[in-house]
Amino acid sequence: DDDDIAGSVERSAKLLDLVIQETIEQIFVEEAAEEVLPDDDDSDPSSPSPASAASAVDKEAILRGVIAKHLNEFDGSFLAAVSAYVQVAESSGDFGLLSLLAAIREEVISAVSGEMQPDIQVVQLLARLADGSERAAVLQKAHNGGGEVAGQRVPAADIDAVEHAAARLVDEMETREH
C-alpha cells in the first residue's frame, strides 16, 4: 500500500516536471518567434520592441494547451505534488516558479472541473464559497438554469442531483477517514 502511494507521488512529480518543462519550452518558442517574426513591419516605429514580445505571448493559452494534453494523466496525487513544489518554491524565494505553479494548479482544477457533471461542478463551487448567502445564490442560479454568481460560472443543475452528489462526497470523505 505504501509502495502504491510512493509510486503515485513519484508519477505525479514526474508529470508536474513535464508540464512545467513543456510550458516553459512553448513559451520560450513563442516569445522567440514574436521577437524574430513580429506581426508589424520593422520600419514601423510603433512595432513591438523585443521587450514587449514576451507580453504578446498568451502564456495562459499555452498552459491551457499543455494541461489539456495531459488531462487524462492527472490523479489525486498531482495537486499534492503541486503543493509540495509550492512549499519548495516559497522557501527558496523562487517567485517565478511559484507563479507558474499557482497557474498550473488553477488550470488543472478548471480543466478537471470542466469535465465533471454539472451537479458535481455546483458542489465544488459551493465548497469553495465561505459566504452562506453566496452558496444559496449558487443553488438558486443552478436551479434556475445557470449563470454567474460572485464572479463564478454556475452550470444549470437539478437540485436533487446536487444534493445527491454532495451526500456521495460526504460519504466518501467519511469512508476515507475510517
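What you see is a predicted model, and the numbers here were worked out from it, not measured in a lab. (Residues numbered from 1 in each chain as written. Predicted model: local features only at pLDDT ≥ 70, side-chain atom pairs only at ≥ 80, totals over all residues. Heavy atoms only, no water.)

Draft legend 1. Spatial organisation of the overall build of the protein. Looking only at helices and strands, the protein features eight helices and two strands. If you list the helices and strands of the protein from N to C, you get α-α-α-α-α-α-α-β-β-α. Buried positions account for 28% of the 178 residues belonging to the protein. Long-range contacts, defined as pairs at least 24 residues apart, comprise 60% of the intrachain contacts of the protein with a sequence gap of at least 6. Of the accessible surface of the protein, which amounts to about 11,500 Å², a share of 52% is contributed by carbon and sulfur atoms. (Helix = DSSP H or I, 4+ residues; strand = E, 2+ residues; numbered from the N terminus. Buried < 20%, exposed > 50% of the residue type's maximum accessible area, 1.4 Å probe, protein only. Contact = heavy atoms within 4.5 Å. Areas by Shrake-Rupley, 256 points an atom, 1.4 Å probe, with all protein chains shown as cover.)

Draft legend 2. Spatial organisation of the packing of aromatic side chains. Tallied over the full model, the rule gives one aromatic pair. A centroid spacing of 4.4 Å and a plane angle of 50° characterise the contact between Phe74 and Phe78, whose relative ring orientation is tilted. You'll find Phe74 and Phe78 in the same group, each marked buried. (Phe/Tyr/Trp six-rings, centres within 6.5 Å; stacked < 30°, edge-to-face > 60°.)

Draft legend 3. Quick peek at the nonpolar core. Membership of the largest hydrophobic core comes to 19 residues, with the highest contact counts inside it found for Leu16, Val19, Ile67, Phe74, Phe78 and Ile104. Leave out the neighbours within four places in its chain, and Phe74 touches Leu15, Val19, Ile67 and Val108. If you look at the next biggest cluster of nonpolar residues, it comprises twelve residues, including Leu125, Leu126, Ala142 and Val154. (Core = buried A, V, L, I, M, F, W, Y, C linked by side-chain atoms within 4.5 Å.)

Draft legend 4. Expanded view of the packing of helix α3 (residues 59-69) against helix α5 (residues 95-115). Where α3 meets α5, the closest approach of the two axes is 10 Å, and the angle between their N-to-C directions is 55°. Classified by the angle their axes make, α3 and α5 are oblique. Read as a crossing pair, α3 and α5 show a hand that is right-handed. Here Leu63, Arg64 and Ile67 of α3 come into contact with α5, specifically with Ala103, Ile104, Glu107, Val108 and Ala111. Taken together, the residues of the contact of α3 with α5 sort by class into six nonpolar, no polar and two charged. (Axes fitted to C-alpha atoms, helices over the stretch in contact; angles between N-to-C directions. Parallel < 35°, antiparallel > 145°, perpendicular 65-115°, else oblique. Left-handed = near helix turned anticlockwise from the far one by under 90°. Nonpolar A, V, L, I, M, F, W, Y, C, P; charged D, E, K, R; others polar.)

Draft legend 5. Region of the structure containing the packing of helix α1 (residues 2-36) against helix α4 (residues 76-92). For the pair α1 and α4, the least separation of the axes is 8 Å and the interaxial angle reads 65°. With respect to α4, the axis of α1 lies roughly perpendicular. Every pair of crossing elements has a handedness; the one defined by α1 and α4 is right-handed. On α4, the residues that touch Ser8, Val9, Ser12, Ala13, Leu15, Leu16, Asp17 and Ile20 of α1 are Ser77, Phe78, Ala81, Val82 and Tyr85. Of the residues assigned to the contact of α1 with α4, the class counts are nine nonpolar, three polar and one charged.

Draft legend 6. Structural context of the pattern of salt bridges. One pass over the full model with this rule turns up five salt bridges. Note that Glu10 is salt-bridged to Lys14, the shortest N-O span being 3.4 Å. Of the two residues, Glu10 and Lys14 both sit in helix α1, four residues apart, roughly one turn of that helix. Between Arg105 and Glu106 there is a salt bridge, with its nearest N and O atoms 3.0 Å apart. The class for Arg105 is partly exposed, based on a relative accessible area of 36%. Judged by its relative accessible area of 46%, Glu106 is partly exposed. (Salt bridge = Lys/Arg side-chain N within 4 Å of Asp/Glu carboxyl O.)

Draft legend 7. Local environment of the environment of Ile109. Relative to the elements of secondary structure, Ile109 occurs in helix α5. Assessed through its relative accessible area of 18%, Ile109 is described here as buried. Along the chain, Ile109 and Leu79 lie 30 residues apart, while their C-alpha atoms are 8.8 Å from each other. If we skip the residues at most four places from it in the chain, Ile109 touches Leu79, Gln124 and Arg128.

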